[in-house]
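Structure at a glance
The residues making up each chain are set out below.
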Amino acid sequence: MTALIEADELVRIYEVRRGLFGRSSPVRAVDGISLAVMPGETLGIVGESGSGKSTLGRMLLGLDPAQSGEVRFEGSPMPKYGTSGWRALRAKMQLVYQDPLAALDRRLTIAAQISEPLDIHRLVPKEHQAARIAELMAAVGLRSDQAGRFPHELSGGQRQRAVIARALASRPKLLVCDEPVSALDVSIQAQVVNMLRDLQEKNGIAMVFISHDLKVVRNIADRVAVMYLGRVVEEASSDVIFRLPQHPYTKALVSSVPIPGKPLEGRVILQGEPPNPANRPSGCAFHPRCPVARDICRTSVPALRRTGNGRTAACHAVAGETASVETLRRRA
Ligand SMILES: Nc1ncnc2c1ncn2[C@@H]1O[C@H](COP(=O)(O)OP(=O)(O)OP(=O)(O)O)[C@@H](O)[C@H]1O
Ligand SMILES: [Mg+2]
């Protein structure tokens, strides 16, 4: 089966100026990432702030160009941003991000926002539009009397539901959700996540779900990729990641997630500075914070290896067989 979306060795380097008059220096935001998402599958992406999650999400949609590497959608190279080929694909891949107020046009009613993609992509004859809008609003749990409201007349959760309804209007095959519930009240986060999961399952949509909140990711992802400073350090099924984390960084992240009804035991506290992509440590970038770092970790970058249980991990302390891009892609 062809992956819906695949990335091969993606690299994105930003030139960032240091200080007001300082010279620019390169920041490797995404530093050689390969992954594949099958139709209908949800891949969770986790990692601390600055690890490159949002940059990767934008690159998967062709919104941010790769310096090297390639993204393929249904086996074909992603057309360049803004070209007619890219615009045609755009209907099939949608982005939902953290801030619904910024994503919505504040001068348009909710119904008008949802009808926009229907018009742009000429998806539904005019006479059927009202019915389709009502259907989409019902699917995300908005009431029909909210159709004439403006974004500022809705709650944060309702706004995000409107954004999701608009994203679904073009019947996408892929949704990239970048921290979609982080700005919402904790009490409604679970509702919106459950709704997303139901819609995704019902419509067979593949999803890349980016979040720093592991509880949310565990609830929604089939597989999880853990990022550290622009690279994937471990990838496996959600069950394996949360039950048997292998990379010391994953262990630290997972150990801080409370399991309902269980006390937090064996919590690994991450030491040292949070990662700074402008100042990447030598060797394994995680070594200054790693409780099991050895000499080799300071000098040599560990390769992503297959380490059993359908997992890949990049750690000198973990033995395994080197995984080629080909095997990474086929693994799903
Ligand atoms: N447009 C840009 N110009 C320059 N640097 C950028 C740009 N976008 C991101 N970066 C840098 O690239 C790195 C990765 O950023 P990114 O936003 O992808 O991280 P993230 O994992 O999404 O973080 P967060 O959890 O805070 O959202 C950061 O160091 C960031 O400062
Ligand atoms: Mg981000």
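Provided above is the structure to which this section pertains.
These numbers were taken from a predicted model, which means no experiment stands behind them. (Residues numbered from 1 in each chain as written. Chains lettered and ligands numbered in written order. Predicted model: local features only at pLDDT ≥ 70, side-chain atom pairs only at ≥ 80, totals over all residues. Heavy atoms only, no water.)

Here the focus is the side chain of Q113. Among the secondary structure elements, Q113 is positioned in helix α4 (residues 110-120). Overall, the relative accessible area of 1% leaves Q113 in the buried class. For Q113, the side chain forms a polar contact with the main-chain oxygen of D105, separated by 2.6 Å. With near-sequence residues (within four places) excluded, Q113 lies in contact with L104, D105, L108, P151 and R166. (Helix = DSSP H or I, 4+ residues; strand = E, 2+ residues; numbered from the N terminus. Buried < 20%, exposed > 50% of the residue type's maximum accessible area, 1.4 Å probe, protein only. Polar contact = N/O pair within 3.5 Å; in protein donor to acceptor, adjacent residues only side chain to side chain. Contact = heavy atoms within 4.5 Å.)

Our focus in this paragraph is the sheet that holds strand β4 (residues 68-73). Strand pairs in the sheet, formed through backbone hydrogen bonds, run parallel or antiparallel to each other. Overall, antiparallel pairing links the four strands, which are arranged β2-β1-β4-β5 in an open sheet. Of all strands in the sheet, those with a lone pairing partner are β2 (24-37) and β5 (76-77), marking the two edges. In the sheet, strand β1 (residues 5-17) pairs with β2 via 11 bridges, with the strands oriented antiparallel. Bridge pairing links E6 to A36 in β2. Across the face of the sheet, helix α1 (residues 53-60) comes into contact with β1, β2 and β4 while running at roughly 125° to β1. (Pairing = 2+ DSSP bridges. Axes fitted to C-alpha atoms, helices over the stretch in contact; angles between N-to-C directions.)

With respect to spatial proximity, 13 residues lie near ligand 1, and among them S49, G50, K53, S54 and T55 are the closest. Measuring from an oxygen atom of ligand 1, one finds a side-chain N or O atom of S49 at 2.5 Å. One nitrogen or oxygen atom from the main chain of G50 is found 2.8 Å from an oxygen atom belonging to ligand 1. Protein contact buries 62% of the 640 Å² of open area that ligand 1 shows by itself. Contributions of two or more residues to the shell around ligand 1 are made by β1 and α1. Broken down by element, the shell around ligand 1 gets its largest block of residues, four residues, from α1. Grouping the constituent residues of the shell around ligand 1 by class yields four nonpolar, six polar and three charged. (Near = heavy atom within 4 Å. Areas by Shrake-Rupley, 256 points an atom, 1.4 Å probe, with all protein chains shown as cover. Nonpolar A, V, L, I, M, F, W, Y, C, P; charged D, E, K, R; others polar.)

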